[in-house]
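Architecture at a glance
Take a look at the letters that make up each chain.
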Amino acid sequence: MGGQASESKVIDSFELRIEDVDSVDIEQLHALSISVGWPLRAEDLRFLREFGRGYVALDEIGRVTGSAMWFPHGEDFATVGMVITSPRLQANGTGQWLMQHVLADCQGRALRLNSTRAARRLYDSLGFQPVKTVYQCQGVVHLPAEPPTVPEGATVRALDATDLPAVVELDARAFGVARDVLIGKLFPQSVGYGLFRDGALTAFALCRPFGRGHVVGPSVAADDAEAIAVVRPHVLDHGGSFLRLDTHREGGAFAGFLARAGMPVFDTVLTMSLTREGVDAKAAATEGTVTYGLVSQALG
Ligand SMILES: CC(C)(COP(=O)(O)OP(=O)(O)OC[C@H]1O[C@@H](n2cnc3c(N)ncnc32)[C@H](O)[C@@H]1OP(=O)(O)O)[C@@H](O)C(=O)NCCC(=O)NCCS
């Protein structure tokens, strides 16, 4: 060949513009999330977009180079997610720019998000405060060789449409905010198991197709034994397949059960919150009825 082995050329001078996230094809958003190694399916993104709002950054020829979304729960609370900048363009201020648009839309709302390590500095600089670590547990599952245990006086059964109001109420108690619209959308696409005492629902776990397989969430329970009792049937249903559960619960019997079932901790993220003047902070419950499984990192 005989030519120069290496050359250089400046190719980085182009403008980005911000548009509504609804303005692009779902495949473009999917390509963006794949570019940062996320396992979301196009269907998962379609669901997020149906439920949420937000922005994309586009280059001059319409390529999606960034995104940031928010998901309303009631009038004064939202979760934030899908905050992504293409690897080639990171550390140039795009993340900040997109988040400024989200924050402007969300005036009057307390915000909660789950921050990757890469995003921590971005959210710190915007005033978000750390709340708690999320353990992303996942793997190909199998039922541990131990007898099923249902807490005394309780029964576990599959949920049906008549259980939806009780699920919404229990989720709200644990999450700190009513998510009736979200749970109403998730319920028909999920299989659910509930734990009942004297006919009243005290714990539940929903499970739906997501990412590389299925995800268990939301799941709410009063203690590890209840949580195991409602998650166990999903492990049985998905034996030999990929299952994921994102939880704030640290150690203890529940974490032990997940690890023995083939769902060890794969990664961690950090839940962070931003309180706004005049808006209740909407903290999640830390004792009593608590969340054992997140809906997803974007939706909390
Ligand atoms: C997190 C992410 C969206 C940030 O986007 P970005 O366009 O690089 O962000 P910005 O250029 O606006 O930088 C924001 C801040 O992070 C800092 N930062 C950016 N990249 C960094 C890096 N690799 N390491 C440390 N800090 C970094 C910037 O210096 C800036 O700090 P400042 O606000 O104090 O000035 C981007 O890295 C990304 O898409 N990562 C992969 C997906 C992901 O983890 N998303 C977050 C989901 S919660």
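Residues numbered from 1 in each chain as written. Predicted model: local features only at pLDDT ≥ 70, side-chain atom pairs only at ≥ 80, totals over all residues. Heavy atoms only, no water.

Where burial is concerned, most of strand β5 (residues 110-115) is hidden: six out of the six residues are buried. Burial along β5 is two-sided: the residues Ala 110, Arg 112 and Asn 114 and Leu 111, Leu 113 and Ser 115 are all buried. Here four bridges tie strand β4 (residues 77-85) to β5, and the two strands are oriented parallel to one another. The residue bridging Ala 78 from the neighbouring strand is Leu 111, located in β5. Note that the unit made of β4, helix α3 (residues 94-105) and β5 has a crossover that is right-handed. Both β5 and strand β12 (residues 265-274) contribute to a ladder of five bridges, which runs antiparallel. Residue pairing across strands places Leu 111 opposite Leu 274, the latter belonging to β12. (Buried < 20%, exposed > 50% of the residue type's maximum accessible area, 1.4 Å probe, protein only. Helix = DSSP H or I, 4+ residues; strand = E, 2+ residues; numbered from the N terminus. Pairing = 2+ DSSP bridges. Right-handed = clockwise from strand over helix to strand, strands pointing away.)

Attention now goes to the site of the ligand. Taken together, 21 residues sit near the ligand, with Val 83, Thr 85, Ala 91, Gly 93 and Thr 116 positioned nearest. One of the backbone N or O atoms of Gly 93 is found 2.6 Å from an oxygen atom in the ligand. Thr 116 has a polar side-chain atom sitting 2.6 Å from an oxygen atom of the ligand. Summarising the interface, the protein chains cover 74% of the accessible area of the ligand, which totals 920 Å² for the free molecule. Among the elements that take part in the shell around the ligand, helix α4 (residues 120-125) stands out by supplying four residues, more than any other. Among the residues making up the shell around the ligand, the classes are represented as nine nonpolar, eleven polar and one charged. (Near = heavy atom within 4 Å. Polar contact = N/O pair within 3.5 Å; in protein donor to acceptor, adjacent residues only side chain to side chain. Areas by Shrake-Rupley, 256 points an atom, 1.4 Å probe, with all protein chains shown as cover. Nonpolar A, V, L, I, M, F, W, Y, C, P; charged D, E, K, R; others polar.)

When you line up the elements, Asn 114 lands in strand β5. In this structure Asn 114 comes out as buried when scored by relative accessible area, which is 13%. Side chain to side chain, Asn 114 and Thr 271 meet in a polar contact 2.6 Å long. Sequence-distant contacts of Asn 114, that is, excluding residues within four places in its chain, are made with Val 134, Val 269, Leu 270, Thr 271, Leu 294, Ser 296, Gln 297 and Gly 300. (Contact = heavy atoms within 4.5 Å.)

All right, on to the domain arrangement of the chain then. We note that the domain assignment places domain 1 (17-107) and domain 2 (136-269 + 280-293) within the chain. Taken together, the contact between domain 1 and domain 2 spans ten residues of the former and 15 residues of the latter. Approximately 1100 Å² of surface area, both sides summed, lies buried where domain 1 meets domain 2, with 72% of it carried by carbon and sulfur atoms. In this assembly, domain 1 and domain 2 are joined by one salt bridge. Note that Lys 282 and Asp 76 form a salt bridge whose closest N and O atoms lie 3.2 Å from each other. At the level of secondary structure, the elements contributing two or more residues to the side of domain 1 that touches domain 2 comprise α2 (42-51) and β4. In terms of residue count, the dominant contributor to the side of domain 1 that touches domain 2 is α2 (three residues). (Domains from an automatic or database assignment. Buried area = accessible area lost by both parts, 1.4 Å probe. Salt bridge = Lys/Arg side-chain N within 4 Å of Asp/Glu carboxyl O.)

Right, let's talk about the packing of aromatic side chains for a bit. Applying the stated criterion across every chain, the model contains four aromatic pairs. Relative to Phe 175, the ring of Phe 77 has its centre 5.9 Å away and its plane inclined at 85 degrees; by these criteria the two rings are edge-to-face. Placement of the pair is Phe 77 in strand β4 and Phe 175 in helix α5 (residues 164-175), with a sequence separation of 98 residues. With respect to class, Phe 77 is no different from Phe 175; both count as buried. Just above the ring of Phe 175 sits the side chain of Arg 112; from NZ or CZ to the centre is 4.3 Å. When the ring centre of Phe 175 is taken as origin, the NZ or CZ atom of Arg 179, which lies over that ring, is 3.6 Å away. (Phe/Tyr/Trp six-rings, centres within 6.5 Å; stacked < 30°, edge-to-face > 60°. Lys NZ or Arg CZ within 6 Å of the ring centre and 35° of its normal.)

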